[in-house]
Amino acid sequence: MRLTAFAAALLIASPVLAQTPDAAPVVAAERAFAADAPSMGIAGSFNKWSVPEAIVIGGGQAQRIGEAYPDGPRPAGEPLLEWWPNFAGLSRSGDLGFTTGGVALNGQRTGHYFTVWKRQPDGSWKWIYDGGSGASAADVPGPDSEPVILPPGPELLRVVREGVPDNGPSASEGAMTAVRDEEAVLAGVAASDQKAAHLRFMADNGRLYVAPRPPAIGRDAFAGALDGWPATFAFGPAEGGGASDYGDLVWTYGPAAWTREGQARTGHYVRMWQRQEAGWKIVLAQLIPAPPPAPAD
């Protein structure tokens, strides 16, 4: 009797029915977004495929899409911007995804983009973040190739209260809290050794963008790429981001400061985190530097 009563009052863990994610809709949305750019122009395609509160990082600041790219006809003489996915992933809840890949300007490969996508209530996909990296795209697969798909993380267990309203945090809230804690640890280590900090948190199957090098893919490539960054970073708390409903994918962006060749520099970090068997790991990391300060008169 005592055991029965105790069990009835306990929280019972039961597997959450999670779908096996299929990133094809996110990849298709990215390709459609890119296909609109030649005819609609950069501002037209960017506004069509984003939510109004979507964030773009450029020029040293994070801006909403309408501030960064006021909508309007394509200006005469605007360069042709092309891009294509090389790497993509989707949450188990099917509501949050990303793609990243090569970028070309007037036919010349210039770097990489990174887009975070959110499924809308009507089932369509809109992007909520877009940014770029100067990491070389010279040797990445071209537009006709199929992107590598990030494998899903492990299925989670959801705690269910029997007969008691569940007023606890949601899976997405819990994921954001967990990632904020991990980012605080990363920032603490990076203040004295950024290489050790990133190696600690990068996923074995992740990608790291250190301009102007090509993307570092996999653990064997991370150490060499990280030597291209300054020895230390001052990372601030995340200024924005979000988590999937299932709590398995989280993206963040925030301020970064460092010194290179005696000159103080600033910018933003952008990261995509995935809950893996070994805990929260970064599957994509990039640094977006602000323009260097103007020379003193």
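Throughout what follows, the structure given in this document is the object of discussion. As the structure is a prediction and not an experimental result, all values here were calculated from the model.

Cut-offs and rules
- Residues numbered from 1 in each chain as written.
- Predicted model: local features only at pLDDT ≥ 70, side-chain atom pairs only at ≥ 80, totals over all residues.
- Heavy atoms only, no water.
- Helix = DSSP H or I, 4+ residues; strand = E, 2+ residues; numbered from the N terminus.
- Buried < 20%, exposed > 50% of the residue type's maximum accessible area, 1.4 Å probe, protein only.
- Areas by Shrake-Rupley, 256 points an atom, 1.4 Å probe, with all protein chains shown as cover.
- Phe/Tyr/Trp six-rings, centres within 6.5 Å; stacked < 30°, edge-to-face > 60°.
- Contact = heavy atoms within 4.5 Å.
- Axes fitted to C-alpha atoms, helices over the stretch in contact; angles between N-to-C directions.
- Parallel < 35°, antiparallel > 145°, perpendicular 65-115°, else oblique.
- Left-handed = near helix turned anticlockwise from the far one by under 90°.
- 1 Å grid on protein atoms, 1.4 Å probe; cavity = no way out; pocket = protein on both sides within 12 Å on 5 of 7 lines; lining within 4 Å.
- Points joined across faces, edges and corners; volume = space filled by probe spheres on them.
- Nonpolar A, V, L, I, M, F, W, Y, C, P; charged D, E, K, R; others polar.
- Expected span 1.5 Å × (residues − 1).
- Arc of directions from axis to C-beta.

1. Describing the overall build of the protein chain
Step number 1: When helices and strands are counted, the protein chain shows six helices and 17 strands.
Step number 2: Going through the 297 residues of the protein chain one by one, you find that 47% of them count as buried.
Step number 3: Looking at the protein chain as shown, the accessible area adds up to about 14300 Å², and 56% of this sits on carbon and sulfur atoms.

2. What about the packing of aromatic side chains?
Two measures describe an aromatic ring pair: the distance that separates the ring centres and the angle between the ring planes.
Step number 1: All told, the structure shown has 18 aromatic pairs when counted by the stated rule.
Step number 2: Between F87 and F98, the ring centres sit 5.5 Å apart and the planes meet at 70°, which makes this aromatic pair edge-to-face. Residue F87 is found in strand β5 (residues 87-90), and its partner F98 is found in strand β6 (residues 96-105); the two are separated by 11 residues along the sequence.
Step number 3: For F87, a relative accessible area of 2% translates into the label buried.
Step number 4: Its relative accessible area of 0% is what places F98 among the buried residues.
Step number 5: The structure contains a cluster of three or more aromatic residues connected by ring pairs, namely F33, F46, W49, Y69, W83, W117 and W127.

3. Observations regarding the environment of D245
Step number 1: The topology assignment puts D245 in the loop between β14 (240-243) and β15 (249-260).
Step number 2: Taking relative accessible area as the criterion, D245 reaches 47% and is therefore assigned partly exposed.
Step number 3: Between the C-alpha atom of D245 and that of S91, which follows or precedes it by 154 residues, the distance is 8.2 Å.
Step number 4: With residues up to four places along the chain from it excluded, the contact list for D245 reads S93, D95, K118, A171 and S172.

4. Here's the deal with the packing of helix α5 (residues 194-201) against helix α6 (residues 219-226)
Step number 1: Contact pair α5 / α6: the axes reach a minimum separation of 10 Å and the direction vectors enclose 160°. On the basis of their axis angle, the class for α5 and α6 is roughly antiparallel. Remark: the crossing between α5 and α6 carries right-handed chirality. Contact with α5, carried on its side by Q194, K195, H198 and L199, involves R219, F222, A223 and L226 of α6 and no other residues of that element.

5. Here we look at empty space enclosed by the protein
If you roll a probe as big as a water molecule over the atoms, it shows you where there is empty space left.
Step number 1: Counted according to the given criterion, the structure contains one cavity of 30 Å³ or more.
Step number 2: The volume enclosed by the largest cavity comes to roughly 30 Å³.
Step number 3: Every residue lining the largest cavity is listed: H198, W229, F235, Y269, V270, R271, A285 and Q286.
Step number 4: Counting residues per element, the ones that place at least two in the lining of the largest cavity are β16 (263-276) and β17 (279-289).
Step number 5: Counting residues per element, the lining of the largest cavity draws most heavily on β16, which supplies three residues.
Step number 6: Class assignment for the residues of the lining of the largest cavity results in five nonpolar, two polar and one charged.

6. Regarding the layout of surface pockets
Step number 1: Considered as a void within the structure, the largest pocket measures approximately 640 Å³ in volume.
Step number 2: H112, G131, G132, S133 and G134 are, among the 35 residues lining the largest pocket, the residues nearest its centre.
Step number 3: Its residues assigned to classes, the lining of the largest pocket comprises 20 nonpolar, 12 polar and three charged.

7. Some remarks on helix α4 (residues 171-190)
Step number 1: Taking 1.5 Å per residue as the helical rise, α4 with its 20 residues ought to reach 28 Å, and the 28 Å between its terminal C-alpha atoms agrees with that figure.
Step number 2: S172, A175, M176, V179, E183, L186, A187 and A190 are the residues of α4 that are buried. Looking down the long axis of α4, one finds its buried residues gathered within 110° of arc, a one-sided arrangement.

On their own, these measurements won't tell you what the molecule is for.
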